[in-house]
Amino acid sequence: MLSNLVFSTTYQCPISCRYCGAECGPRETARLSLQDMITIVDHVFSYGKLELVVFTGGEPFLLGEDLRRCVEYCAKKGLLTRIVTNGFWAKNPQTAREIMKTYKESGLTEINFSCDDYHQEFIPLERIKYANDACLELGFPALIGHKTMKGCTLSIDYLEQFLEVKLARFDPREKNPDNNVVSTGYTVPVAKDMHLIPDDEILYPPSDYHWKAPCSSILQRVIITPRKELSICCGMIPRGVKEIVFGSLDDYTLEELITMAHNDLIVNWLALEGPYGLMKFILLKDSTIPFRKQYVNICHLCSEILTRKDCRKILSEHAHEKALEISLERCLYDYMRTKEFKEATVLTESTPL
Ligand code: SF4
Ligand code: SF4
């Protein structure tokens, strides 16, 4: 958990994508200050495990010079840094080149451009091309974060033609090639009221595994919201959902917040059984509660469960009945992990060089 620090730097964004789970937009004002970010970087760094700092949003470039200075600060500590942006700032080739050059010189190690039909309702695709071209020219690692949906215009083929590059598929197990990498997935309708979208408008993956698995990203990173709260989910659930956000660093220490998250019933339930486990429990209590036949992924189901009144009612009345079982599952999980770790260590130590 302590090797990755994610700053959701601001809720402000120059655009308002319809599927924005974080509900960001031009009218939002909450943001982290440079001093907040530096203090938190120092704090997490002091544990001795921090490797990567991610700046996301909203739109992190709206932080202006504070963003660049924080990237530079992290780079001086030897940390990897990644910015996730919609590329609105790449208004022409020259501006794109100047900005990317400045960030390269400040020590940024990777940039991700969000690019799909929803983002490009607001941001001309030319800007992604200018930014991507600038990265190519500077030999700077860039990834295009793409989402596909029913009847989408911006397919990977279309993007390759428009950007005039061949895009390699991102493989999280491998080191990124320098640029022209694309990570693609299904559009997840998680924003407020998007669970009202009819099934036939959603593109589903072929396998059920995508929505029946445990949540593997929960408790894996330190995620800080623009209001200096610790969050356990990086933006796929509307931010008013209290189960995903713990207290603010103005009121608690980071250690207290991490401990709260690790002891939380719903957090552990999601990590061990996934939203599918919650859905099964809800149906056990009331089999008339409607669910879709399938979901795009775990976050799609998770967002529905944690935002729908009928599901929340069951959880608030009955979740405590699951506490002992989840606590035992967690003990077993921790025991197995420690056992595997010890066995791996013994193996490594006893293997002759
Ligand atoms: S999805 Fe990204 S670019 Fe779109 S409104 Fe949300 S934060 Fe802004
Ligand atoms: S399953 Fe839920 S908690 Fe986990 S990443 Fe998705 S939305 Fe967040």
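Residues numbered from 1 in each chain as written. Chains lettered and ligands numbered in written order. Predicted model: local features only at pLDDT ≥ 70, side-chain atom pairs only at ≥ 80, totals over all residues. Heavy atoms only, no water.

**So, the site of ligand 2**
The full set close to ligand 2 counts 9 residues, and C215, S217, C233, C299 and C302 are the nearest of them. Among the residues making up the shell around ligand 2, the classes are represented as 8 nonpolar, 1 polar and no charged. Looking at the shell around ligand 2, you find at least three residues from each of domain 1 (4-253) and domain 2 (262-339). (Near = heavy atom within 4 Å. Nonpolar A, V, L, I, M, F, W, Y, C, P; charged D, E, K, R; others polar. Domains from an automatic or database assignment.)

**What to know about the packing of aromatic side chains**
Inspection of every chain in the model, using the stated rule, returns 9 aromatic pairs. Considering the side-chain rings of F7 and F55, the 5.8 Å spacing of their centres and the 40 degrees angle between planes classify their relative orientation as tilted. Separated by 48 residues along the polypeptide, F7 in strand 1 (residues 4-8) and F55 in strand 2 (residues 52-56) bring together distant segments of the chain. Ring geometry for W89 against F113: centres 6.3 Å apart, planes inclined by 45 degrees, an arrangement best described as tilted. Of this pair, W89 sits in the loop between strand 3 (80-85) and helix 3 (93-106) while F113 sits in strand 4 (residues 110-115), and the two are 24 residues apart along the sequence. Residue W89 is classed as buried on the basis of its relative accessible area, which comes to 6%. Taken together, the aromatic side chains of F61, W89, Y103 and F113 make up a single cluster linked through ring pairs. Over the aromatic face of F45 sits the side chain of K77, whose NZ or CZ is 4.5 Å from the ring centroid. One cation-aromatic arrangement involves R308 over F291; the distance from NZ or CZ to the ring centre is 5.0 Å. (Phe/Tyr/Trp six-rings, centres within 6.5 Å; stacked < 30°, edge-to-face > 60°. Helix = DSSP H or I, 4+ residues; strand = E, 2+ residues; numbered from the N terminus. Buried < 20%, exposed > 50% of the residue type's maximum accessible area, 1.4 Å probe, protein only. Lys NZ or Arg CZ within 6 Å of the ring centre and 35° of its normal.)

**Some remarks on the domain arrangement of the chain**
Domain annotation of the chain identifies domain 1 (4-253) and domain 2 (262-339). In this structure, domain 1 and domain 2 have C-alpha centres spaced 27 Å apart. The interface is formed by 32 residues belonging to domain 1 together with 30 residues belonging to domain 2. For the pairing of domain 1 and domain 2, the buried interface totals around 2600 Å² over both sides, and the portion due to carbon and sulfur atoms is 68%. Taking the shortest distance from any N to any O, the salt bridge between R312 and E243 comes out at 2.9 Å. Where domain 1 touches domain 2, the interface holds 3 residue pairs in polar contact (both at pLDDT 80 or more). Counting residues per element, the side of domain 1 that touches domain 2 draws most heavily on helix 6 (residues 209-212), which supplies 3 residues. In terms of residue class, the side of domain 1 that touches domain 2 is built from 24 nonpolar, 3 polar and 5 charged. (Contact = heavy atoms within 4.5 Å. Buried area = accessible area lost by both parts, 1.4 Å probe. Salt bridge = Lys/Arg side-chain N within 4 Å of Asp/Glu carboxyl O. Polar contact = N/O pair within 3.5 Å; in protein donor to acceptor, adjacent residues only side chain to side chain.)

**Section: the packing of helix 2 (residues 65-76) against helix 3**
Here helix 2 crosses helix 3 at 30 degrees, and the two axes come no closer than 8 Å. Viewed along their axes, helix 2 and helix 3 adopt a mutual orientation that is roughly parallel. Only T102, Y103 and S106 of helix 3 make contact with helix 2, whose side of the interface consists of L67, R68, V71, E72 and A75. Residue classes in the contact of helix 2 with helix 3 are distributed as 4 nonpolar, 2 polar and 2 charged. (Axes fitted to C-alpha atoms, helices over the stretch in contact; angles between N-to-C directions. Parallel < 35°, antiparallel > 145°, perpendicular 65-115°, else oblique.)

**With respect to the sheet that holds strand 10 (residues 245-248)**
Strand order across the open sheet formed by 10 strands is 6-7-5-4-3-2-1-8-9-10, with mixed pairing between neighbours. The sheet is open, and its two edges are formed by strand 6 (168-169) and strand 10, each paired on a single side. Across 5 bridges, the pairing between strand 4 and strand 5 (residues 142-148) is parallel. When the sheet's bridge partners are listed, F113 is paired in strand 5 with I144. Together, strand 4 and strand 5 form the strand contacts of helix 4 (residues 125-138), whose direction differs from that of strand 4 by roughly 160 degrees. (Pairing = 2+ DSSP bridges.)

**Points about helix 7 (residues 254-263)**
Regarding helix 7, the residues found buried are L254, L257, I258 and A261. The buried residues of helix 7 occupy an angular sector of 100 degrees when the element is viewed end-on, so they sit on one face. (Arc of directions from axis to C-beta.)

**What about the pairing of strand 2?**
In terms of residue burial, strand 2 counts as a mostly covered element, since 5 of its 5 residues are buried. Side chains L52, V54 and T56 project from strand 2 onto one buried face, and the interleaved V53 and F55 project onto a second face that is buried too. Across 5 bridges, strand 1 lies against strand 2 in parallel orientation. The residue of strand 2 that forms the bridge with F7 is F55. Each parallel crossover has a hand, and for strand 1 linked through helix 1 (residues 34-45) to strand 2 it is right-handed. Inspection of the sheet shows strand 2 paired to strand 3 by 4 bridges, in the parallel sense. Bridge assignment links L52 to a residue of strand 3, and that residue is L80. (Right-handed = clockwise from strand over helix to strand, strands pointing away.)

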